[in-house]
Amino acid sequence: MEKKHQWYVITATSGKEDSILQTLIEKISNFGYTDSVSKFEIFKKTVAKEDIFKPTDANLPKSLKNTKTTKWETLPDGTYKRIKSKVVNIFPGYIFVKMEMFPEIWYCIRNTNGVLGFLGSSGKGTMPIPISEAEYLKMKAKKDAYDEQYNKLMTNQVSENNEVDKKEEKPNIVFNYKVGSFVNIKSGPFANTSGVIKSINMNNQTAIIEVDFLNRKTECEIDFINLVDEKNTDEQTE
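Please read all numbers here as calculations on a predicted model, not as lab measurements. In this convention, every chain numbers its residues from 1, walking through the sequence in written order. At least 70 in pLDDT is required for a residue's local features to be given in this predicted model, at least 80 for side-chain atom pairs to be given and counted, and no such filter applies to totals for whole chains, interfaces and linings, which use all residues. Based on all heavy atoms of the structure, the side-chain values leave hydrogens and waters out of the count.

1. A closer look at the nonpolar core
Within soluble globular proteins, side chains that are nonpolar tend to cluster in buried spots. For the record, the criterion: The nonpolar core is taken to be a set of buried Ala, Val, Leu, Ile, Met, Phe, Trp, Tyr and Cys residues, with the residues joined through side-chain atoms within 4.5 Å. The classification of residues rests on relative accessible area computed with a 1.4 Å probe and restricted to protein chains. Under 20% of the type maximum is buried, over 50% is exposed, and intermediate values are partly exposed. In this description a helix means any DSSP run of H or I spanning at least four residues, a strand means any run of E spanning at least two, and both kinds are numbered starting from the N terminus. Contacts are assigned to residue pairs that have any heavy atoms within 4.5 Å of one another.
Judged by nonpolar contacts, the single largest core of 25 residues is most densely connected at Phe 91, Phe 96, Ile 185, Ile 209, Cys 220 and Leu 227. Looking at this core, the elements that each hand over two or more residues are strand S1 (6-12), strand S6 (94-99), helix H3 (133-155), strand S8 (182-185), strand S10 (206-213) and strand S11 (216-223). In terms of residue count, S10 provides more of this core than any other element does, four residues in total. Aside from chain neighbours lying at most four places away, what touches Cys 220 is Tyr 146, Ile 185, Phe 190, Ala 207, Ile 208, Ile 209 and Val 211. Core analysis: the second largest hydrophobic core is formed by 22 residues, Ile 28, Tyr 33, Val 97 and Met 99 among them.

If you want it as structure tokens, here you go:
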């Protein structure tokens, strides 16, 4: 009888998830465990940064060439808009794997260079506990929400007649919180999640929030407008 494949979370060296993933795929194949592993997955998102340059700006690049990650536009007022995008991990340090768990494959994975272990394992010889399908789908929903945000941003950059859309400027939010404040995230992929402010960017009106994800601390960047003091959450929603 075929054993059930379940989702597990591998903890890995942050920033090296892609190379570790490739090593795991090769290692699983070499050990003959391909039938026991349905899928490896790293959840990623594409983030975009927009900059406006005047023709007289000293930091205006000499080449305004469009590339895979950089897009240039000339605006009606003669300025130049640059949109730079990059792909980053939504959950740094995590690799998801759907697999059949047994001692040999557990040993094979956890003894791979860069792998720190599994979530749900005590590290005392006990095999890890899988996450539920619902938990996995929740993580996937976060990725889908980020993809939707990015696609909406890129779609709204230029109208159908190739004229630049007029975009509502981001309101200047009065931000009274400070590093260490405990806040609640109102919307987006981490909606209804509470966390601690680790850093604040007044220019971009964003803050880095440390939230608890699968019993491990994870940082995410949130707009000021999507934050509310945890103590005042009920007052804000009345």
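2. Regarding the environment of Tyr 80
Take Tyr 80: it is sitting in strand S5 (residues 80-89). Remark: the alpha-carbon pair of Tyr 80 and Ile 52, spanning 28 residues in sequence, is separated by 5.6 Å. Look past the residues within four positions of Tyr 80 in its chain and what remains in contact with it is Asp 51, Ile 52, Phe 53, Pro 55, Leu 60, Leu 64, Trp 72, Glu 73 and Thr 74.

3. A short note on the environment of Trp 72
Structurally, Trp 72 can be placed in strand S4 (residues 70-74). For Trp 72, a relative accessible area of 12% corresponds to the buried category. Sequence spacing of Trp 72 and Lys 84 is 12 residues, and the spatial spacing of their C-alpha atoms is 8.9 Å.

4. Some details on the sheet that holds strand S2 (residues 37-41)
Heads up, the condition is: Only strands joined by at least two bridges in the DSSP assignment are considered to pair. Only the contacting stretch of a helix is used when fitting its axis, a line to C-alpha atoms as for every element, and angles between N-to-C directions run 0 to 180 degrees.
Pairing is antiparallel in the open sheet, where four strands are placed in the order S2-S6-S1-S7. Among the strands making up the open sheet, the edge pair consists of S2 and strand S7 (115-118). Neighbouring strand axes in the sheet, compared pairwise and without regard to direction, differ in orientation by 25° on average. Here S1 runs beside S7; their pairing, made up of three bridges, is antiparallel. Counterpart to Ile 10 in the pairing with S7 is Phe 118. Packed onto the sheet, H3 meets S1, S2 and S6 and runs at close to 135° relative to S6.

5. Remarks on the pattern of salt bridges
Worth spelling out the cut-off: Salt bridges are counted wherever a side-chain nitrogen of Lys or Arg sits within 4 Å of a carboxyl oxygen of Asp or Glu.
Scanning the entire structure with this criterion turns up seven salt bridges. The residue Lys 140 makes a salt bridge to Asp 144 at a minimum N-O spacing of 3.4 Å. A residue pair is termed a helical-turn pair when its members lie 3 or 4 positions apart in one helix, as Lys 140 and Asp 144 do in helix H3 at four residues. The exposure class assigned to Lys 140 is partly exposed, which follows from its relative accessible area of 32%. Two residues, Lys 143 and Asp 147, come together in a salt bridge whose shortest N-O distance is 3.2 Å. Of this pair, Lys 143 and Asp 147 are both found in helix H3, four residues apart, which corresponds to roughly one turn of the helix.

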